[in-house]
Amino acid sequence: MWIDSALRIFLILALIYLAWVDWRTFLLPNRITYPLIILGLITNTFTPYAFCESYLAFLGVLIGYLILYMTNQIYRYFRGQDGLGMGDAKLLASLGAWLGLEPLPAILSVAALLGILGGILWLRYKKLPSTHAFPFGPYLAIAGIIEILWSSPFIHSLS
């Protein structure tokens, strides 16, 4: 049980770090996102501490990445510029590697809602136009943390 908790704490700390970096730099470093993907797949494939079935982890990586990649491609087609960074796609793929395919729609929905609210507040606070970019990674990270905590066996044991 303590290893499961340690893995959850590790993942939450990694997400907090990525949110902080993205907030400051508008970048989600590959040196963090790629290892997170690999560690999530290893954990769910080769250990008894899996958060989900192995095939759901692999599908989570693939679908998580493709959802944001394709969203950006559509945005680029209509607007002539990127609307998302591919670090965001890798972050969602990381969450898919750890948590599997099933929670990704909820994570993306919560992140989008938080991103709309947080983005509006951030742009107003910074006195920037509504067309100015703001980082989406922190909102994905927060939504991921909510899912990690929500799906925790400790939380379920309290009910």
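Presented here is an overview of the structure given in this document. Predicted model only: the values in this text are computed from it and were never measured. (Residues numbered from 1 in each chain as written. Predicted model: local features only at pLDDT ≥ 70, side-chain atom pairs only at ≥ 80, totals over all residues. Heavy atoms only, no water.)

1. Some remarks on the nonpolar core
Stated formally: By nonpolar core we mean a set of buried residues, namely Ala, Val, Leu, Ile, Met, Phe, Trp, Tyr and Cys, connected to one another through side-chain atoms within 4.5 Å. The classification of residues rests on relative accessible area computed with a 1.4 Å probe and restricted to protein chains. Under 20% of the type maximum is buried, over 50% is exposed, and intermediate values are partly exposed. The way it works is that DSSP assigns letters per residue, a run of H or I at least four long becomes a helix, a run of E at least two long becomes a strand, and they are numbered from the N terminus. By the convention used here, residues are in contact when the closest approach between their heavy atoms is within 4.5 Å.
Core analysis: the biggest nonpolar cluster contains 29 residues, and L15, L92 and L140 have the highest contact counts within it. At the level of secondary structure, the elements contributing two or more residues to this core comprise α1 (2-25), α4 (86-99), α5 (104-125) and α6 (137-150). For this core, the element with the most residues is α1, which contributes seven residues. If sequence neighbours within four positions are ignored, L140 has contacts with L68, D88, L91, L92, L95, I107, L108 and A111. Within the second largest apolar cluster, eight residues are counted, among which are I37, L41, L56 and A93.

2. Thoughts on α1
Put simply, the test is: Here the expected length of a helix is defined as 1.5 Å per residue gap, with one fewer gap than residues.
For α1, built from 24 residues, the straight-helix expectation of 34 Å at 1.5 Å per residue is met to within 8% by its first-to-last C-alpha distance of 34 Å. For α1, the full list of buried residues reads D4, L7, R8, L11, I12, A14, L15, L18, A19, V21 and D22. In the segment just after α1, F26 is the residue with positive phi, at about 65 degrees.

3. Concerning α6
Along its 14 residues, α6 runs 20 Å from first to last C-alpha, staying within 8% of the 20 Å computed at 1.5 Å per residue. Taken together, the buried positions of α6 are G137, P138, Y139, L140, A141, A143, G144, I145, E147 and I148. The elements touched by buried residues of α6 are α1, α3 (54-79), α4 and α5.

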